[in-house]
Amino acid sequence: MESELDYWSAKALLEWQVELGATEAMMDAPINRYELQDQKPKAARGAEAPPAPVKPKSVDPVAEAAKLAKSADALPSLRAALETFEHCDLKRGARNLVFSDGQAGARVMIIGEAPGRDEDLQGKPFVGRAGQLLDKMLAAIDLSRNENVYITNVLPWRPPQNRDPLPAEIAMLVPFLERHVALAQPDVLVLMGNISCQAVLGKRGITRLRGNWAQAWGKPVIPMFHPAYLLRQASSKRQAWADLLELRARLNSQN
């Protein structure tokens, strides 16, 4: 049988425990904390456990957009549905909803990319320098937004600093755009720029796509260079003119 600790051994052990940080003796007997890890504290007598927090239901913005768009039976109600759509953060930074311009029911419907500064201020698509060039392009083939062209954008709100729209932003606004086309009932869709082609055709690469007819949403579609691109790349205006002539020929053949 081992003898009891002598004074000096006990003192050395105590000093060693102090060096380890055990500076207070809370109970007479030690507690093995590993044996307590699976034990839950008992609730106070008469106290009820708080209810588990209810997690908010996640909302699918694309599904919500499709539901709102489908409920619109006319262009004014579609605009109203867009105004109530709260899942696109672009709305919070924009001054105005840019819905459309031109003649609803026209044979030609132009789909641009997104509003810029001037469009955001005025609430109409294609009203800046690019819009002025577009008007000249249309006039060259006897078209006009005042008579026989209807214009909208993929996005109705201006992105910050005119950045490209994010894929998620495009996805949640495509249902509104598709419904817009169905209600406007054009004969031909003109897609101006890469973003428009991505939204309607699911493709990018405007230099490859331009001038080639495609089909989307039950309509013939022709991609073209965006007027803003032509302002930067004047050498591409010849190709743009060829695309305009192709559009004019298609309209003439459908008369």
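Fair warning: this is a prediction, and the values are worked out from it, not measured in the lab.

1. Observations concerning the pattern of salt bridges
Summed over all chains, the structure comprises ten salt bridges. A salt bridge links Glu83 to Arg79; its shortest N-O distance comes to 3.5 Å. Remark: Arg79 and Glu83 occur in helix 3 (residues 75-84); sequence separation between them is four residues, near one turn of the helix. Judged by its relative accessible area of 40%, Glu83 is partly exposed. Across the pair Asp243 and Arg210 runs a salt bridge, and its minimum N-O distance is 2.8 Å. Remark: Arg210 occurs in the loop between helix 9 (206-209) and strand 5 (214-216) and Asp243 occurs in helix 11 (residues 237-253); sequence separation between them is 33 residues.

2. Considerations on the packing of helix 7 (residues 167-184) against helix 8 (residues 194-201)
Relative orientation of the contacting elements helix 7 and helix 8 amounts to 70°, with a least axis distance of 10 Å. One finds that helix 7 runs roughly perpendicular with respect to helix 8. The segment helix 7 lies against helix 8, with Ile170, Val174 and Leu177 engaging Ile195, Gln198, Ala199 and Val200. Its residues placed into classes, the contact of helix 7 with helix 8 shows six nonpolar, one polar and no charged.

3. Thoughts on helix 11
In an α-helix, one turn spans 3.6 residues, which is why side chains three or four residues apart end up on the same side. With 17 residues, helix 11 ought to run about 24 Å at 1.5 Å a step, and its terminal C-alpha atoms sit 24 Å apart, in line with that. Looking at the packing, one finds that the buried side of helix 11 touches strand 2 (108-112), helix 6 (129-139), strand 4 (188-192), strand 6 (219-224) and helix 10 (227-232).

4. Section: the packing of helix 3 against helix 7
Contact pair helix 3 / helix 7: the axes reach a minimum separation of 10 Å and the direction vectors enclose 170°. Overall, the two elements helix 3 and helix 7 adopt an arrangement that is roughly antiparallel. Contacts from Leu75, Leu78, Ala81 and Leu82 in helix 3 reach Leu173, Phe176, Arg179, His180, Leu183 and Ala184 in helix 7. Here the residues of the contact of helix 3 with helix 7 are counted per class, giving eight nonpolar, one polar and one charged.

5. Digging into the side chain of Lys91
As for its placement among the helices and strands, Lys91 is situated in helix 4 (residues 90-93). At 2.3 Å, the side chain of Lys91 and the backbone oxygen of Glu83 are in polar contact. Reaching out from Lys91, the side chain makes a polar contact with the side chain of Glu86 at a distance of 2.9 Å. In this structure, Lys91 is in contact with Leu82, Glu83, Thr84, Phe85, Glu86 and Trp157, ignoring residues within four places of it in sequence.

6. Considerations on the packing of aromatic side chains
Applying the stated criterion across every chain yields a total of two aromatic pairs. Between Phe85 and Phe176, the aromatic rings sit 5.2 Å apart at their centres with planes inclined by 70°, giving edge-to-face as the arrangement. In this pair, Phe85 sits in the loop between helix 3 and helix 4 while Phe176 sits in helix 7, placing the two residues 91 residues apart along the sequence. The ring of Trp213 carries the charged tip of Arg250 above its face, separated from the ring centre by 4.4 Å.

7. Quick notes on the environment of Pro223
Structurally, Pro223 is set in strand 6. For Pro223, a relative accessible area of 1% gives the class buried. Spatially, the C-alpha atoms of Pro223 and Trp213 are 7.5 Å apart, while their sequence positions differ by ten residues. Beyond its immediate stretch of four places on either side in the chain, Pro223 contacts Leu191, Cys197, Leu201, Ile206, Leu209, Arg210, Gly211, Asn212 and Asp243.

8. Section: the nonpolar core
The tendency in soluble globular proteins is for nonpolar side chains to be buried side by side. Within the largest apolar cluster, 62 residues are counted, with the highest numbers of intra-cluster contacts made by Ile110 and Phe176. Here this core gets eight residues from one element, more than from any other, and that element is helix 7. Setting aside chain neighbours within four positions, we find Ile110 in contact with Leu134, Leu138, Val149, Tyr150, Ile151, Thr152, Val190 and Met192.

About the cut-offs
Residue positions are given per chain, counted from 1 along the sequence in the order it is written. The predicted origin of the model limits local features to residues at a pLDDT of at least 70 and limits the giving and counting of side-chain atom pairs to 80 or more, whereas totals for whole chains, interfaces and linings rest on all residues. Side-chain metrics rest on all non-hydrogen atoms present in the structure, leaving aside hydrogens and water. By convention in these notes, a salt bridge is any Lys or Arg side-chain nitrogen within 4 Å of a carboxyl oxygen on Asp or Glu. Put simply, DSSP marks the helices as runs of H or I at least four residues long and the strands as runs of E at least two long, and each gets a number from the N terminus on. To sort residues, take the accessible area from a 1.4 Å probe on protein chains only and compare it with the maximum for the residue type: under 20% means buried, over 50% means exposed, and anything in between is partly exposed. Inter-axis angles, ranging from 0 to 180 degrees, are taken between N-to-C directions of lines fitted to C-alpha atoms, where helices are fitted over the stretch in contact. Orientation categories follow fixed angle ranges, with anything under 35 degrees roughly parallel, anything over 145 roughly antiparallel, 65 to 115 roughly perpendicular, and all other angles oblique. Contacts are assigned to residue pairs with any non-hydrogen atoms lying within 4.5 Å of each other. Residues are grouped as follows: nonpolar covers Ala, Val, Leu, Ile, Met, Phe, Trp, Tyr, Cys and Pro; charged covers Asp, Glu, Lys and Arg; every other residue, Gly included, is treated as polar. Expected span of a helix: the number of residues minus one, times 1.5 Å. Identification of polar contacts relies on pairs of N or O atoms within 3.5 Å, with a donor-acceptor requirement for protein atoms, meaning one able to donate a hydrogen and the other able to accept it, and with residues adjacent in sequence counted only if both atoms are side-chain atoms. Centre distance within 6.5 Å is the pairing criterion for rings of Phe, Tyr and Trp, where only the six-membered ring of Trp is used; planes under 30 degrees apart are then read as stacked, over 60 as edge-to-face, and the remainder as tilted. In this scheme, Lys NZ or Arg CZ marks a charge over a ring once it lies within 6 Å of the ring centre and within 35 degrees of the ring normal. Residues belong to one nonpolar core when they are buried, are Ala, Val, Leu, Ile, Met, Phe, Trp, Tyr or Cys, and are joined through side-chain atoms within 4.5 Å.

The analysis is restricted to geometry; functional conclusions fall outside its scope.
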